[in-house]
Each structure stands twice: as structure tokens, then as C-alpha cells.
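# Analysis of the macromolecular model
Here's the letter readout for the chains.
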Amino acid sequence: MDRDDLQYYSLYLVTFASSFGFITVVTLLPTYIDLLNPSGALVGLFVSALAIARAVGLVPIAWAGDRYDKRTLLLASLAVSILAYLVFAVIETSVGFLTARVLQGLGIVGTGLLGLALVSELAPAGERANVIGKYNSWRMAAGILGTLGAGALYAVAGFGAVFGLLAVLLVLSFVGVGRFVSPDETSVEGFAFTDLALNRRIATMTSFRAQYAVSVTLVRNWVPIYVGVSVARGGLAASAVAVGTVVAAEKFTNMLGQPRTGRLSDRFGRAPFVAFGGTMYGLVALAVPFSPEIAAPLSFAVELPLEVVLTPTLLVVFLLNALLGVADSFREPASMATFADEGVGSGIASSFGVRNMVWLPGSILAPIVGGVLMDGAGMQWVFFLGGATALTGVAAFLGVLTYSHGRTGITKW
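### Details of the overall build of the chain
- A count of helices and strands for the chain gives 14 helices and two strands.
- Taking 22 Å as the expected radius of gyration for a compact globule of 413 residues, we find that the chain reaches 20 Å, a close match to that expectation.
- With the C-alpha coordinates aligned to their principal axes, the bounding extent of the chain is approximately 55 × 50 × 40 Å.
- A burial count over the chain gives 58% of its 413 residues as buried.
- A gap of 7 Å separates the mean positions of the 24 positive and 23 negative side-chain charges of the chain.

Shown next as C-alpha cells:
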């Protein structure tokens, strides 16, 4: 492999390890909820703590990434991530979980923002969405292995083994970045956020992402909660391995789709893929609460290894989550490539910082609202809200495109 290949694969390993950690905690979240027995509002805070930490770190990390060496900052973010997962291994209280969650959020914002910025700078302009799609496929592969592996390893050996493995992966990522990734020689003076926030295409994407953040945050977090929590709390009471398998379905279809849809987005434009993916995501999310009704014509219960009992409802949720992955495989590379296109040369870390900043309000507030809905109106209303906000986000996006470019606006970029 040449120097560029070594840099790509070192950065792919970073996103693999970071995603492995994120998905592991999502997979084991129902287990933590049952062990720590928090209120519905505190369940929401368990999710929001990650986003709060990301909000605190986002602007300074993005600014420093454009102003100074992205590689050095990426190494620091990996070190924080290692500490976070070591703390997860010894949690005994809700306060301990929140502490680990905050550290995890700080590490994730650094590894995600800086790793994506470095990959986007390495990618040729005409292949950017395709390269980002490959980068995201490594993230999705980690999601698959993390969900399946975390549930199975926890069932056999407990939290210590799960998070010890995570720490090892992150240490290997640290070594790879330090050894193979070149120092970042770009430097952007001033505060690039201001100009980029007013960029026309970025502002158009913002009209979509602000609402879509609510949808994805709710749906991605409540699908595993729905599968894993007790029947008394509105769930299916499936094992951690079953939770991991359902979550892995979304990651698997997303992983397979992104390189292909990214290549198509490089050829045909960004906007149609964003609109199609968002619409599909909203419609499938609305169907999740009706899984028992969809599964009603079927009747079976198959006992599988590691305490997994396959039921018709569990099978339907698995298939619906796989369709959510297909939907997001259309949206993600096109969305990310748009921000990369606009940020190269003028502050790519800040461009992705704007992208993440727009996401934060929804990702912080939505889980708290979801927790209240879960205890009050019922868990199905979490998915109704998630599906509706995806569709209203697409409507706003198409409205802005039509206003700016006329009826054929969706084909303009």
C-alpha cells in the first residue's frame, strides 16, 4: 500500500473503533436501564448526556482542527475515548453512567469530526461522496460487529470484557494515526463558522437537518430500547443478543448501500438522495409501533442460542430496522459530501462542525421528550414523533429548494 492508502486505512480504523464504542453502549443501554432502574426522564438524560458533551466540545474542536494540526487533536480525542470506556466497565450508579457518557461524547465529537475532515481532504473532489461512503461503511461494519459482539460477550463475560476489548481497539487506532497519518498542514485563520453558516447550500441542508435530528435520535435510540426493555415498560423484553441483532440489521444494510449510493450521488447530485432517504426513513419509523399488528398473521416462537427467542414481532422489527438502514444509506454520503464540498479550502472541520451543530438541539432535547412520552403517552408516540419530524424535515428541504431554484430545484445540486 502507498502512503495515501495507509492514511485512509488508519482513519477507517478510527471510525471503526469509535463506532464500535458508540453502538456497544446503545446495545447495552436497556441492560443498564434495568440494572440502574432510572426514571423515564433520566432514561432520556442517559441519551442526551452524550449530545450535551458533544455540544460543549464541538465548536472549540472544529475551530482548533482548522487552525492547528488535526492529527494531534485526533490523537487527544482517542485518548479521551479510551478513558470513557474504561469508566463504563466499572459503573454502579446512574451518576457513574452519566460521567462515562459525557467522556464518551467528548471523544466521539473529536474522532468523528476530525477523522471525517481528514478523509474528506484526502479524497479527490470528483469521488468525495464515494470515499465518504466507504469511510461510513467501516463505521457501519463496526456497528454490526459491535452490536452482535457486545451482546454476546456481555452474556458470557460481563461489562469488563466488553469495554476492555473496546479500549484495545482504540489503542490500536491511536498507534495507527500516530504512525501513518501525516501532520495536517492546512490552517484557516479567523472563525470559519460564521461564513459557512451563511453558505447557501449549507443553509438549505440546515432546513432539513434541524428536524431530521429529532427523528434519527429518537428512532435509533428507541428501537433497541423497544426491543430490550421489559413488557411492563412497553418493550419486547428480548435479550441483549437480540437487541444487538436488531441494531445490526440497520448497520448492515447501511454499510452495503453507502459506497454505491455515494458513487451515484457524485454522478447525479446530492439533493435527490437526501430527499428520498429522509422520506423513506420517516415512513418506516411510523411503521415500527405497528410491528405486533403486522406480525399478527404469524405465530411461532423459535429458541435460538444465547437466550434469543425469535417471535413474529421481533422478526418484523428486525426487517423494519433493516429498511431504516437502506433509507439512511441514500442520505448520509450525499449529506456529508455536500458539507465537504463547501468546506474544502475554507474550513472543512468547521463545515462539518456546522453540520453537527445543527444536529445538536434535536439530539439533546428529543431523548428527554422521548422519555416523557414513554412514561406518559406510551412508547409508540416516540416513533410517531420520530417519523413525523423526518417527513416535515424533507418538506422544509424541498420547500427551500423550490423557493431558491424553482420547481426543478431538487435537480440543481
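Next, the rest of the story.
### Description of unusual backbone geometry
- Positive phi outside glycine occurs at Ala237, with the angle close to 60°.
- Turning to its location among the elements, Ala237 is positioned in the loop between helix H8 (200-228) and helix H9 (240-268).

### A closer look at a positive patch on the surface
- Together, Lys134, Arg260, Arg263 and Arg267 make up a region of like positive charge exposed at the surface.
- No other element matches the three residues that H9 contributes to the positive patch.
- Looking at the element boundaries, Lys134 is found in helix H5 (residues 128-157).

### Observations regarding the pattern of salt bridges
- What the rule picks out here adds up to nine salt bridges.
- A salt bridge links Asp341 to Arg128, with the shortest nitrogen-to-oxygen separation between them at 3.1 Å. One end of the pair, Asp341, is in helix H12 (residues 312-343); the other, Arg128, is in helix H5, with 213 residues separating them in the sequence.
- By relative accessible area, Arg128 is classed as buried at 7%.
- When the shortest N-O distance is used, the salt bridge between Arg270 and Asp341 registers 3.0 Å. Of this pair, Arg270 sits in the loop between H9 and helix H10 (271-287) while Asp341 sits in helix H12, placing them 71 residues apart in sequence.
- A relative accessible area of 26% means that Asp341 is categorised as partly exposed.
- By sharing partners, the salt bridges in this structure join Arg139, Arg220, Asp328, Arg331 and Glu332 into a single network.

### Overview of the environment of Leu324
- Tracing the backbone through its elements, the reader meets Leu324 in helix H12.
- Relative accessible area serves as the criterion here: at 1%, Leu324 is assigned to the buried category.
- The sequence separation of Leu324 and Tyr281 amounts to 43 residues, and the corresponding C-alpha distance is 5.5 Å.
- Dropping the residues within four chain positions of it, Leu324 is found in contact with Val219, Glu250, Tyr281, Val284 and Ala285.

Calculation rules
Residues numbered from 1 in each chain as written. Predicted model: local features only at pLDDT ≥ 70, side-chain atom pairs only at ≥ 80, totals over all residues. Heavy atoms only, no water. Helix = DSSP H or I, 4+ residues; strand = E, 2+ residues; numbered from the N terminus. Rg over C-alpha atoms; globule rule 2.2 N^0.38 Å. Buried < 20%, exposed > 50% of the residue type's maximum accessible area, 1.4 Å probe, protein only. Lys, Arg positive; Asp, Glu negative; His and termini not counted. Charge placed at Lys NZ, Arg CZ, Asp CG, Glu CD. Patch = residues over 30% accessible without salt bridge, like charges linked within 9 Å, V, L, I, M, F, W, Y side chains within 5 Å. Areas by Shrake-Rupley, 256 points an atom, 1.4 Å probe, with all protein chains shown as cover. Salt bridge = Lys/Arg side-chain N within 4 Å of Asp/Glu carboxyl O. Contact = heavy atoms within 4.5 Å.

Distances and angles like these do not, on their own, reveal function.
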